[in-house]
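# Coordinate analysis (summary)
Below, each chain spelled out in residue letters.
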Amino acid sequence: PQELLAHLGRLQRSGIHQEYEELRKETPPGTFHCAQAAYNQEKNRYGDVLCLDQTRVRLKPRRNEVNSFNQQRSDYINASFMDGYKQKNAYIGTQGPLERTYGDFWRMVWEQNVLVIVMTTRTDEGSRRKCGQYWPLEEGGQEVYGHMAVVNQRVDHHTHYNHTTLELHNTETCEQRQVSHFQYLSWPDYGVPTSAVTLIEFLGAVKRQQRKVVKALGPQWTGHPLGPPMVVHCSAGIGRTGTFCALDICLSQLQDVGSLNVCQTVRRMRTQRAFSIQTPDQYYFCYNAILEHAQRQGLLPSNQ
Ligand code: PTR
Ligand code: PTR
């Protein structure tokens with residue numbers, strides 16, 4: 001943290017913005033063929049926010065799609081695997097589901113054994129639709145998306161976020177599973193949250209839930225000890241999603257080894273989910289949120 005403070009002091013806000021501009025100039029190291037294919041375009045919420053072929057999440061072929069053309073058509077979703085702190089594929093960064101991709105979204109959640117979904121946008125901001133209502137909103141509600149039925153079991157309202165417990169039923173295999181849905185409510189796109197403290201509290205609640213369910217799964221879960229990927233999405237799945245994940249990675253590293261590197265973290269992230277972190281202020285926010293957190297933890301004197 002002292003190092004971070006020194007770095008921040010040297011750079012000031014304009015220097016941090018400059019650091020971000022340098023990052024932004026680096027071209028994504030990969031191709032966007034699948035996302036650009038004519039038959040997949042309707043699956044992208046924004047024509048200019050595509051995912052890299054190299055890290056995209058592929059939907060698994062289904063029995064009735066043995067013919068390879070159909071299979072190619074159907075394995076695309078605008079979602080990317082992203083590494084976390086010492087954890088490969090810790091997150092799946094994705095766009096806010098579109099009505100025509102609700103089925104694909106839930107299929108991905110099922111196939112990747114996702115236990116926690118993080119949503120950092122509202123469905124509507126002003127008069128603009130940012131994300132579809134892809135889960136049943138009311139307690140007791142039930143909806144069917146493709147071959148997944150989703151039941152809303154319970155909603156816990158907190159000041160800045162809602163935690164909804166959903167039950168997924170795979171109607172093809174008759175299996176069921178519980179998934180936690182966390183929605184943060186005070187973060188406009190292209191903006192930064194009104195307070196770093198509430199976002200870090202939200203992050204804490206998300207992480208506690210992930211740890212709790214992974215522990216409860218125990219030996220049944222044979223993947224990474226830290227569990228399956230968390231799905232993180234906003235509207236496009238790059239600005240707020242990238243900021244959230246960068247913060248998680250940096251804070252985990254800080255806790256583990258007492259140091260961190262925002263620039264390296266974001267650089268690496270942009271090679272996996274292209275265009276992660278959309279504005280200089282979101283980038284600056286990462287630094288500030290980490291400092292604020294470090295101060296609250298007593299890692300730094302609070303008058304800084
Ligand atoms: N499997 C891909 C999909 O789901 O869209 C299909 C695809 C694969 C489309 C490669 C285009 C691809 O690239 P190219 O144009 O290089 O064949
Ligand atoms: N071209 C789009 C637009 O500006 O409307 C792309 C876009 C939308 C990019 C939202 C980022 C956005 O923010 P976030 O990733 O935080 O949802």
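Residues numbered from 1 in each chain as written. Chains lettered and ligands numbered in written order. Predicted model: local features only at pLDDT ≥ 70, side-chain atom pairs only at ≥ 80, totals over all residues. Heavy atoms only, no water.

## Considerations on the overall build of the protein
Helices and strands together make up the secondary structure of the protein, namely eight helices and ten strands. In summary, the protein has a C-alpha radius of gyration of 19 Å against a globular reference of 19 Å for 304 residues, a match within 12%. Along the first, second and third principal axes, the C-alpha atoms of the protein reach 60 × 45 × 40 Å. Counting all 304 residues of the protein, 56% fall into the buried class. Partitioning the intrachain contacts of the protein with sequence separation of at least 6 by distance along the chain shows that 63% fall at a separation of at least 24. Surface summary for the protein: the accessible area is close to 14100 Å², and the carbon and sulfur share equals 48%. One finds the centroid of the 33 positive side-chain charges in the protein at a distance of 3 Å from the centroid of its 29 negative side-chain charges. (Helix = DSSP H or I, 4+ residues; strand = E, 2+ residues; numbered from the N terminus. Rg over C-alpha atoms; globule rule 2.2 N^0.38 Å. Buried < 20%, exposed > 50% of the residue type's maximum accessible area, 1.4 Å probe, protein only. Contact = heavy atoms within 4.5 Å. Areas by Shrake-Rupley, 256 points an atom, 1.4 Å probe, with all protein chains shown as cover. Lys, Arg positive; Asp, Glu negative; His and termini not counted. Charge placed at Lys NZ, Arg CZ, Asp CG, Glu CD.)

## Some words on the site of ligand 2
Ligand 2 sits among 13 residues. The nearest are Asp48, Tyr190, Ala236, Gly239 and Arg240. Between ligand 2 and the protein, one listed contact pairs an oxygen atom with a backbone N or O atom of Ser235 at 2.9 Å. In this structure, an oxygen atom belonging to ligand 2 sits 2.8 Å away from a side-chain N or O atom of Arg240. Taking 420 Å² as the accessible area of ligand 2 by itself, protein coverage stands at 86%. In terms of residue class, the shell around ligand 2 is made up of six nonpolar, four polar and three charged. (Near = heavy atom within 4 Å. Polar contact = N/O pair within 3.5 Å; in protein donor to acceptor, adjacent residues only side chain to side chain. Nonpolar A, V, L, I, M, F, W, Y, C, P; charged D, E, K, R; others polar.)

## Some remarks on the side chain of His233
Mapped onto the secondary structure, His233 falls in strand S10 (residues 230-233). The class for His233 is buried, based on a relative accessible area of 0%. Within the local environment of His233, its side chain forms a polar contact with the side chain of Tyr134, the two groups lying 2.7 Å apart. When residues no more than four places from it in sequence are discounted, the contact partners of His233 are Thr94, Gln95, Gly96, Pro97, Ile117, Val118, Met119, Thr120, Cys131, Tyr134 and Thr241.

## A few points about the confidence of the model for the protein
With 93% of its residues at a pLDDT of at least 70, the protein reaches an overall mean of 91. Predicted as a complex, the structure gets a pTM of 0.90 and an ipTM equal to 0.74. (pLDDT = per-residue confidence, 0-100.)

## Structural notes on the pattern of salt bridges
Considering all chains together, one arrives at 13 salt bridges under this definition. Between Asp75 and Arg56 there is a salt bridge, with its nearest N and O atoms 3.2 Å apart. A residue pair is termed long-range when its members are at least 10 positions apart, and Asp75 in the loop between helix H3 (68-74) and strand S1 (79-84) and Arg56 in the loop between helix H2 (33-36) and H3 qualify at 19 residues. A salt bridge links Arg154 to Asp156; its shortest N-O distance comes to 2.8 Å. One salt-bridge network, held together by shared partners, links Arg56, Arg58 and Asp75. (Salt bridge = Lys/Arg side-chain N within 4 Å of Asp/Glu carboxyl O.)

## Details of the environment of Pro29
Relative to the helices and strands, Pro29 resides in the loop between helix H1 (2-25) and H2. By relative accessible area, Pro29 is classed as exposed at 51%. Separated by 25 residues in sequence, Pro29 and Gln54 have C-alpha atoms that sit 9.0 Å apart.

## Focus: the pairing of strand S3 (residues 116-119)
The alternating pattern of S3 places Val116 and Val118 and Ile117 and Met119 on opposite faces, both of which are buried. As paired elements, S3 and strand S9 (residues 175-184) share four bridges and run parallel to each other. Note that in S9 the partner of Ile117 across the bridge is His181. Note: S3 against S10, three bridges, orientation parallel. (Pairing = 2+ DSSP bridges.)

## Describing the sheet that holds S9
Read from one edge of the open sheet, eight strands run S1-S2-S10-S3-S9-S8-S7-S6, paired in mixed fashion. Bordering the open sheet on either side are S1 and strand S6 (142-145), each of which pairs with just one other strand. Across the sheet, the mean angle separating the axes of adjacent strands is 30° when strand polarity is ignored. Bridge count for S6 against strand S7 (residues 148-157) is four bridges, and the pairing is antiparallel. Following the sheet pairing, Gln142 is matched in S7 by Val151. (Axes fitted to C-alpha atoms, helices over the stretch in contact; angles between N-to-C directions.)

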